[in-house]
Amino acid sequence: MKSNFPEKKRPLILVTDDDPVMRKMICHRMKQDGYRIIEASNGQECLDAYQLESPDMILLDAMMPVMDGFTCCQLLSKMIRSEHSRRKSDSLHDDSPLSQTDQILASIERTPILMVTGLDDTESVDYAFEMGATDFIRKPIHWAVLRQRVRRLIQQSNLYQQLEIANAELKRMAILDGLTQLANRRYFDEYLDQQWKIMEEKQLPLALILCDIDFFKFYNDTYGHQDGDSCLIQVAKALTDEVKRLGDLVARYGGEEMAIILPDTNGEGAFFLAQKIRERINSLQVEHSASPINQYLTLSLGVASVIPSPVDSPQNLIKFADSALYLAKQNGRNRSILYTVD
Ligand SMILES: [Mg+2]
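The rules behind these values
Residues numbered from 1 in each chain as written. Predicted model: local features only at pLDDT ≥ 70, side-chain atom pairs only at ≥ 80, totals over all residues. Pairing = 2+ DSSP bridges. Helix = DSSP H or I, 4+ residues; strand = E, 2+ residues; numbered from the N terminus. Axes fitted to C-alpha atoms, helices over the stretch in contact; angles between N-to-C directions. Parallel < 35°, antiparallel > 145°, perpendicular 65-115°, else oblique. Left-handed = near helix turned anticlockwise from the far one by under 90°. Contact = placed C-beta atoms within 7 Å. Nonpolar A, V, L, I, M, F, W, Y, C, P; charged D, E, K, R; others polar. Domains from an automatic or database assignment.

Caption draft 1: How the structure looks around the sheet that holds strand E8 (residues 257-263). Taken together, the five strands give an open sheet; going across it, the order is E7-E8-E6-E9-E10, and neighbouring strands pair in mixed fashion. The strands lining the two open edges of the sheet, one partner per strand, are strand E7 (249-254) and strand E10 (336-338). Put simply, the sheet's adjacent strands are angled 20 degrees from each other on average, direction ignored. Taken together, the three bridges between strand E9 (residues 299-306) and E10 define a ladder with parallel strand orientation.

Take a look at the structure:
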């Protein structure tokens, strides 16, 4: 039978059987149906191959020496489940709709296990399911039945993988601003809270830079909203290019305001970065004929840094950075101001 799958997407089946003749027969049939095959001749080989190759499904003989299929099945489903919980660990809140899709994913087997059993009593069938098998087939194998079961389980595995991709994309969309691809406001709030707690525990400074594009309304009025959008994208890119440390976060705070969260950064360090960003925007020389202060696009930046304490709050850090930004605007814009307690 000719394969229905494009070469690279041909599903991978892990065939485990201690009987070499039986294994060859199963593999031969599976290859005929267009699947790629890896073979294992005992339970341990099966576990190793699973970890190495992450197959789309597993065909598992129940009766094998050393480690029988039931034990192997139990260990496999443990591995598959822990793999799943590792993947979902980056979800936002436990009550978010995204965590609900995670739960749906958890209820489907990512890597279905089809047990091949020669035993004819219901007890061992029950046992197979108890050990985490997705389905079973009896020896002697009825090849047409095997083909249908495999096809269905491969479909299930594909469905899982598609859901997983869609879910990852949804998660990305939930935390990103669609236009600039920076973190969105929602994720900014969450990340600031999170870093606040971490820096409070470590007693390290947490810095925040608020950036505002000078006279952006005039820019939009003069060049139109489409150019306004590309201007925002350009500024966002400049910010991301300058902010290089892992753990720093650039976010779109609102309209033409962007924010940078800098864990473990004091006021001087954050101010230095703010100046670099401002200079970089200047050097881009984006025409802004409607700006009363410059022929090119400029930024005003407010900088603040505090060592978080239980009596303080992230909202105060925002307030400090905001009042520094206000001062930067008051003092003629195209400048950075570091908040200091007066
Ligand atoms: Mg056997």
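Now that the structure has been shown, the text picks up again.
Caption draft 2: How the structure looks around the packing of helix H9 (residues 225-242) against helix H10 (residues 267-284). One can describe the packing of H9 onto H10 by two numbers: an axis separation of 10 Å at closest approach and a directional angle of 135 degrees. Of the possible angle classes, the one that applies to H9 and H10 is oblique. Of the two possible hands of crossing, H9 and H10 adopt the one that is right-handed. Within the contact between the two elements, H9 uses Gln-234, Val-235, Ala-238, Leu-239 and Glu-242 and H10 uses Leu-273, Lys-276, Ile-277, Arg-280, Ile-281 and Leu-284. Grouping the constituent residues of the contact of H9 with H10 by class yields seven nonpolar, one polar and three charged.

Caption draft 3: Seen up close, the domain arrangement of the chain. Looking at the assigned domains, one finds that the chain contains domain 1 (7-175) and domain 2 (185-338). Spacing between the C-alpha centres of domain 1 and domain 2 amounts to 49 Å.

Caption draft 4: Structural detail: the packing of helix H8 (residues 216-223) against H9. In contact at an axis separation of 7 Å, H8 and H9 are set at 135 degrees when each is read in the N-to-C sense. Considering their axes alone, H8 and H9 lie oblique with respect to each other. Residues Tyr-219, Asn-220 and Tyr-223 of H8 form the contact with H9, whose participating residues are His-225, Asp-227, Gly-228 and Cys-231. Along the lines of polarity and charge, the residues of the contact of H8 with H9 split into three nonpolar, three polar and one charged.

Caption draft 5: Molecular detail of the sheet that holds strand E1 (residues 12-16). What the five strands build is an open sheet, ordered E2-E1-E3-E4-E5; its pairing is parallel. Lying at the two open borders of the sheet, with one neighbouring strand each, are strand E2 (36-40) and strand E5 (135-138). Averaged over all adjacent pairs, the angle separating strand axes in this sheet is 20 degrees, with direction ignored. Relative to strand E3 (residues 57-61), E1 runs parallel, the two being bridged by four bridges. Counted as the bridge partner of Val-15 is Leu-59 from E3.

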